[in-house]
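# Results of the structural survey
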Amino acid sequence: MRETLLLLVSAALVNNVILARFLGLCSFMGVTTRIDTAVGMGMATTFVITVSSMADWAVETWLLVPNDLAYLRTVTFILVIAGAVQFTEMAVRKLSPSLFQMLGIYLPLITTNCAVLGVALLLVEGRMSFINSALFAFFSSLGYSLVMVMFAGLRERLAVSDAPRLFEGPPLGFITASLLALAFMGFSGISA
């Protein structure tokens, strides 16, 4: 239980995919103008990261390593991720057409979201068991979603604030993101 809790804290907070590893910044800045959109993107990305990481672990363990095909890792992982994104896109289109419209081009772009590939490659590098890999992927994606929703909430408040004209829009977003990253750095002493 303690190991699982440490994995949760480490994956979601200490080594947050967005704020510590700087992966997935395109969707982080593009989809976080509204909380509902950020929640939808977070759920879709959580599903894709978790499912594709489990599949990538299986491909790595049972196909690539035994057949000495590790050089095909990145291409193979991207194909698995693309399949998971296609499934997710079809499910979101069917279950929530309004969310599908809100996410727009960002939903199919999950395929090229470096956070998804980054988590899969971190699992390979960490040489974790299947259960730990699945938990790490899930907790990493929860951290991704948490930061997306927090940032969307901050951006919604900043949109109605009286900011200097020079800082309106992306500059204020990047400043806010950097302050959020500094806040998350406070979790770095917890992993022991």
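Residues numbered from 1 in each chain as written. Predicted model: local features only at pLDDT ≥ 70, side-chain atom pairs only at ≥ 80, totals over all residues. Heavy atoms only, no water.

### A closer look at unusual backbone geometry
For clarity, the threshold we go by: Only DSSP runs of H or I with at least four residues qualify as helices, and only runs of E with at least two residues qualify as strands; both kinds are numbered from the N terminus onward. Think of it in three bands: residues with accessible area under 20% of the maximum for their type are buried, residues over 50% are exposed, and the middle band is partly exposed, with areas taken using a 1.4 Å probe on protein chains only.
Unlike most non-glycine residues, Phe22 shows phi in positive territory, near 55 degrees. Within the secondary structure layout, Phe22 lies in the loop between helix H1 (2-14) and helix H2 (25-30). We classify Phe22 as exposed; its relative accessible area is 51%. The backbone phi angle of Asp68 is positive, close to 55 degrees, even though this residue is not glycine.

### A look at the pattern of salt bridges
Put simply, the rule reads: In the sections that follow, a salt bridge refers to a side-chain nitrogen of Lys or Arg positioned within 4 Å of a carboxyl oxygen of Asp or Glu.
Under the defined criterion, the tally for this structure stands at 3 salt bridges. For the salt bridge of Arg34 with Asp36, the shortest nitrogen-to-oxygen distance reads 2.6 Å. Across the salt bridge formed by Arg73 and Glu60, the nearest N and O atoms sit 2.8 Å from each other. Taken together, the positions of Arg73 in helix H4 (residues 73-95) and Glu60 in helix H3 (residues 35-64) put the pair 13 residues apart, joining distant regions of the chain. Taking relative accessible area as the criterion, Glu60 reaches 8% and is therefore assigned buried.

### A look at the environment of Ala120
Along the chain, the position of Ala120 falls in helix H6 (residues 114-126). Along the sequence, Ala120 and Tyr106 sit 14 residues apart, while their C-alpha atoms lie 20 Å from each other.

### A short note on the side chain of Ser52
Put simply, the test is: Counted as a polar contact is a pair of N or O atoms within 3.5 Å, where, for protein atoms, one must be capable of donating a hydrogen and the other of accepting one, and residues adjacent in sequence contribute only when both atoms are in side chains. Residue contacts are defined here by distance: any two heavy atoms, one from each residue, within 4.5 Å place the two residues in contact.
Here Ser52 shows up in helix H3. At 2.6 Å, the side chain of Ser52 forms a polar contact with the backbone oxygen of Val48. Contact partners of Ser52, with chain neighbours within four places excluded, come to Val80, Ile81, Ala84 and Val116.

### A closer look at H4
Going by this rule: What a helix is expected to span follows from its residue count: subtract one and scale by 1.5 Å.
With 23 residues, H4 should reach 33 Å at 1.5 Å per residue; the first-to-last C-alpha distance of 33 Å fits that figure. Within H4 the residues assigned to the buried category are Thr76, Phe77, Val80, Ile81, Ala84, Val85, Thr88, Glu89 and Val92. Tucked inside the fold, the buried residues of H4 contact H3, helix H5 (97-103) and H6.

### Topic: helix H8 (residues 170-185)
When the terminal C-alpha atoms of H8 are compared, their 22 Å separation across 16 residues agrees well with the 22 Å that a helix rising 1.5 Å per residue should span. Residues of H8 that are buried: Leu172, Gly173, Thr176, Ala177, Leu180, Ala181 and Phe184. On its buried face, H8 is in contact with H1, H2 and helix H7 (130-159).

### Observations concerning the confidence of the model for the protein chain
Formally: The quantity known as pLDDT measures the predictor's confidence residue by residue, on a range of 0 to 100.
When pLDDT is averaged along the protein chain, the result is 85, and 98% of the positions lie at 70 or above. Here H1 stands out as the element of the protein chain with the lowest mean pLDDT, 78, in contrast to H7, whose mean of 90 is the highest.

### What about the nonpolar core?
Quick note on the threshold: Buried Ala, Val, Leu, Ile, Met, Phe, Trp, Tyr and Cys residues form a nonpolar core when they are joined through side-chain atoms within 4.5 Å.
Counting residues in each nonpolar core, the largest one holds 49 residues, and the members touching the most others are Phe28, Ile110 and Met148. Elements with a minimum of two residues in this core: H1, H2, H3, H4, H5, H6, H7 and H8. Apart from residues no more than four positions distant in its own chain, Ile110 is found in contact with Met41, Ala44, Thr45, Val48, Ile81, Val85 and Val116.

### Concerning the packing of aromatic side chains
Inclusion rule: Only rings of Phe, Tyr and Trp enter the pairing, Trp through its six-membered ring, and a pair is recorded when the two centres are within 6.5 Å. The plane angle decides the type: under 30 degrees is stacked, over 60 is edge-to-face, the rest tilted.
On inspection of all chains with the given rule, the structure shows 5 aromatic pairs. Members of the aromatic cluster, connected to one another through ring pairs, are Trp57, Trp62 and Phe130.

### Section: the packing of H4 against H6
As a reminder, the rule being used: Axis geometry follows a simple rule: fit a line to the C-alpha atoms, using only the stretch in contact for helices, then measure angles between N-to-C directions, giving values from 0 to 180 degrees. Oblique is the label for any angle not under 35 degrees, not over 145, and not in the 65 to 115 range, which are roughly parallel, roughly antiparallel and roughly perpendicular in turn. Here a crossing is called left-handed whenever its near helix is offset anticlockwise from the far helix by less than a right angle, and right-handed whenever the offset is clockwise. Gly is placed with the polar residues, together with every amino acid not listed as nonpolar (Ala, Val, Leu, Ile, Met, Phe, Trp, Tyr, Cys and Pro) or charged (Asp, Glu, Lys and Arg).
One can describe the packing of H4 onto H6 by two numbers: an axis separation of 10 Å at closest approach and a directional angle of 130 degrees. Taken as axis vectors, H4 and H6 run oblique relative to one another. Crossing hand, H4 versus H6: right-handed. Every residue of H6 that contacts H4 at Arg73, Thr74, Phe77, Ile78 and Ile81 is listed here: Val116, Leu117, Ala120, Leu121 and Val124. The residue makeup of the contact of H4 with H6, split by class, is 8 nonpolar, 1 polar and 1 charged.

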